[in-house]
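# Structural characterization, general
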Amino acid sequence: MDRKSITGFLLIALVIILYPWYMSIVSPSIPNENNTDKINDKESEQIELGDNSSISIKPLNNKALDLKSKQLIIESDLYTIKMLNKNGGSFVEYKLNNYTKYDSTIIDLIDPIENDNLLLKFVSMDGERISLDKNWEILSNQKKVTIGDNKEILEFQTFYQNKLIKKIFTFYPNSYKIGLEVVFDDPNFFISRGEFTLAWNGGLTSTEKNYKSDYQEFRGYAYLGDELFGSKLKSGNTNSESQNGNTNWVAIRTKYFITSIIPSMPGLGATIGGKLSGDRPSYSVEIHNPVMNKSQFDLYIGPMDYNRIKSLDVGLENAMSLGWGFFKPIGRLITWTLKTMYSVIPNYGIVVILFAFLIKLLLNPLSIKQFKSQKKMQEIQPRLQEIKRKYKNDSVKLGRAQMQLFKDSGYNPASACLPLFLQMPILIAVFTVFRTTVDFRGAPFFGWISDLSAPDTLFTLAGIPINILPFFMGGTMFLQQKMMSANNSDPQQKTIMYVMNAVFLVLFYSFPSGLNLYYAVFNILSIAQQSYMGVGQLNTANK
């Protein structure tokens, strides 16, 4: 080995030996919170990553390592939050004071199994993925904060490579909106790629007695531009999808409730993921944000109340189940109408009945055309049956004779179907809104109908719930169809009618009582209109 190589190795050895002494001078350790002389023996902390690998972080501030878990209680008229200093402020309980479960306990939205929320992540200058999931310092001695007429502020802080990082929460009076400000001290010194991530892991928990129905409405969403990004979880491995673009918000929703992260400036993209354990979905959402010294967010965590969510003016109402595509504007109008009526008549059962009258009045011109067509069909029914008997073995002649009969009588087969087809968007929107509107949740009507969002179970017999309104709705549907098929002696059509009634009874049996009430009233109004117009009366003149 030549002299230059030996000299080089000696210099390298000298650097390695003297490096700890040099670092103690340029970056002295900071005493812990209790001003003791204890030295943390762990040189590094391990962070577990999603791909089962881990990285080491060497914070140059022992305070960040020594902090113990602390708990805060935040109370307002709307919610009671239990908050830890983990992650720099994470919710372990989020109880909605005005909403109860079927057992009368207050609803808690946070999943007790998975509550790793509001986590900050980024990639360091060394290319390591960093999660700030330790206990942060709380810049307050308060253990309980009460939100009165004024907003309240809570601050958390930690250090990474001697650079200060803060999370500042602002709690507003009479609002489910919570402000969040993320502050980085010189972020370009330790954050690469020009972005950081704010994540909500673990989703929300089910709040309904029929948890399977609740699970069907669970979703993780991101709103990029004007497009809703996200899909249902698939069984098996952990699901994860990412999308780049201007991101207005990310959210996780259940049937009636939602948590969302809304940046003041659009994010750079989003990741929607989670896992499906049996029937139980657990979503996680991340929003990727440009690195700045200060980044502002709003959190909305609460009921999917259309007026409250719409007032945020960020398009979060698109996460609500108001129908598909074309039906959504109709769903929004229906929701607005119901809430407006309720502000005048504070009983949603009565509101549903009056709403059925309103929809019937709106669809009346189409109903009149439909019933006139049905009446015309009943008038020619005896002649039509005669033609069927006469040409029962010759389908070609049967078709020609029928068309001639329709032409001579002035009956247009499409005139009966078209009005019904035009009514379908409204009826489908009503169906969707009534099933998922949080306003109906826990809303009583009278007597045994104590919750319009659930079946109206009167009692249970041998483990089977006995619901009354589905039978009432099925009876009105049967009577209406029987009137429409008067003078029709075709046994096949009558069989189809009976089967369809049975199918609808089974289908609607587990539906919300508000939906059954609406359709029952709508059917009664249709029966009254049919009777007034003479549809369904036996025509003896042609016999």
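Notes on the structure follow. Computed from a prediction, not measured in an experiment: that's the story for all the values here.

Within the chain one finds 12 helices and 23 strands. When burial is assessed residue by residue, the chain has 48% of its 543 residues classed as buried. Here the analysis covers contacts within the chain between residues at least 6 apart in sequence; of these, 64% occur between residues at least 24 apart. Looking at the chain as shown, the accessible area adds up to about 28200 Å², and 56% of this sits on carbon and sulfur atoms.

A word on helix α6 (residues 348–362). Spanning 15 residues, α6 covers 20 Å between terminal C-alpha atoms, matching the ideal 21 Å at 1.5 Å per step. Of the residues making up α6, those classed as buried are Y348, G349, V351, V352, F355, A356, I359 and K360. Capping the start of α6, N347 holds a side-chain oxygen 2.8 Å from the backbone nitrogen of G349, two or three residues further along.

Another point: the packing of aromatic side chains. With the rule as written, the count across this model stands at 32 aromatic pairs. On the basis of an interplanar angle of 5° and a centroid distance of 4.1 Å, the ring pair of Y342 and Y348 is categorised as stacked. An aromatic cluster of three or more residues is present, and its members are Y342, Y348, F355, F431, F434, F440, F504, F508, F511, Y518, Y519 and F522. Positioned above the aromatic ring of F189, the side-chain terminus of K163 is 4.9 Å from the ring centre. It is K177 that lies over the ring of Y172; its NZ or CZ is 5.4 Å from the centre.

On to the sheet that holds strand β5 (residues 90–100). Taken in spatial order, the 5 strands make up an open sheet running β6-β5-β4-β3-β10, and their pairing is mixed. Strand pairing shows two members of the sheet lacking a second neighbour, β6 (106–108) and β10 (144–146), which therefore form its edges. Adjacent strand axes in the sheet meet at a mean angle of 20° when their direction is disregarded. Pairing between strand β3 (residues 71–75) and β10: 3 bridges, direction parallel. Bridging from a neighbouring strand, I74 pairs with V145 of β10.

The next point concerns the pattern of salt bridges. Following the criterion strictly, the structure yields 13 salt bridges and no others. The partner of E93 in a salt bridge is K95, with the nearest N and O atoms 3.9 Å apart. Residue E93 is classed as partly exposed on the basis of its relative accessible area of 23%. What makes K95 partly exposed here is its relative accessible area of 30%. Here E208 makes a salt bridge to R441, at a shortest N to O gap of 2.8 Å. Remark: R441 occurs in the loop between α9 (414–436) and β22 (457–461) and E208 occurs in the loop between β14 (191–200) and α3 (211–215); sequence separation between them is 233 residues. Classification of E208 by relative accessible area gives buried; the value is 16%.

Further remarks concern the nonpolar core. Counting 109 residues, the largest nonpolar core has F91, Y94 and Y518 as its most contacted members. At 8 residues, helix α12 (residues 513–533) tops the list of elements feeding residues into this core.

Positionally, D149 belongs in the loop between β10 and β11 (152–160). The class for D149 is exposed, based on a relative accessible area of 75%. Spatially, the C-alpha atom of D149 lies 8.4 Å from that of N174, the residues being 25 residues apart in sequence.

Here the focus is a nonpolar patch on the surface. A contiguous nonpolar surface patch, about 550 Å² in accessible area, is contributed by F446, W448, L458, F459, L461 and I468. Within the secondary structure, L458 sits in strand β22.

By the element assignment, Y518 lies in helix α12. On the basis of relative accessible area, Y518 is assigned to the buried category, the value being 0%. For the pair Y518 and V351, spaced 167 residues apart in the sequence, the C-alpha separation amounts to 9.7 Å. Residues in contact with Y518, not counting those within four places in the same chain, are V352, F355, A356, I359, L427, V430 and F434.

Our next topic: the packing of helix α5 (residues 327–344) against α6. Two elements in contact, α5 and α6, have axes whose closest approach is 10 Å; the angle formed by their N-to-C orientations is 125°. Here α6 runs oblique to α5, going by the angle between their axes. Crossing angle aside, the handedness with which α5 passes α6 is right-handed. Judged by residue contacts, I334, T337, L338, K339, M341 and Y342 of α5 engage Y348, V351, L354, F355 and L358 from α6. Within the contact of α5 with α6, the residues separate by chemical class into 9 nonpolar, 1 polar and 1 charged.

Here we come to the pairing of strand β18 (residues 257–263). For β18, a buried count of 7 out of 7 residues is recorded, marking the element as mostly surrounded by other parts of the structure. Along β18, one buried face is formed by F257, T259, I261 and P263 and the opposite face, lined by I258, S260 and I262, is buried too. With 4 bridges connecting them, strand β17 (residues 239–253) and β18 associate as antiparallel partners. Residue pairing for β18: R253 is matched across the bridge by I258.

This next bit is on the pairing of β14. Within β14, 7 of the 10 residues are buried, leaving the element largely enclosed by the surrounding structure. When strand β7 (residues 117–124) meets β14, the two strands line up antiparallel, connected through 6 bridges. Directly across from S124, in β14, lies its bridge partner I191. Relative to strand β20 (residues 280–290), β14 runs antiparallel, the two being bridged by 6 bridges. Across the sheet, residue W200 finds its bridge partner in β20, namely V285.

Cut-offs applied
Residues numbered from 1 in each chain as written. Predicted model: local features only at pLDDT ≥ 70, side-chain atom pairs only at ≥ 80, totals over all residues. Heavy atoms only, no water. Helix = DSSP H or I, 4+ residues; strand = E, 2+ residues; numbered from the N terminus. Buried < 20%, exposed > 50% of the residue type's maximum accessible area, 1.4 Å probe, protein only. Contact = heavy atoms within 4.5 Å. Areas by Shrake-Rupley, 256 points an atom, 1.4 Å probe, with all protein chains shown as cover. Expected span 1.5 Å × (residues − 1). Polar contact = N/O pair within 3.5 Å; in protein donor to acceptor, adjacent residues only side chain to side chain. Phe/Tyr/Trp six-rings, centres within 6.5 Å; stacked < 30°, edge-to-face > 60°. Lys NZ or Arg CZ within 6 Å of the ring centre and 35° of its normal. Pairing = 2+ DSSP bridges. Axes fitted to C-alpha atoms, helices over the stretch in contact; angles between N-to-C directions. Salt bridge = Lys/Arg side-chain N within 4 Å of Asp/Glu carboxyl O. Core = buried A, V, L, I, M, F, W, Y, C linked by side-chain atoms within 4.5 Å. Patch = residues over 30% accessible without salt bridge, like charges linked within 9 Å, V, L, I, M, F, W, Y side chains within 5 Å. Parallel < 35°, antiparallel > 145°, perpendicular 65-115°, else oblique. Left-handed = near helix turned anticlockwise from the far one by under 90°. Nonpolar A, V, L, I, M, F, W, Y, C, P; charged D, E, K, R; others polar.

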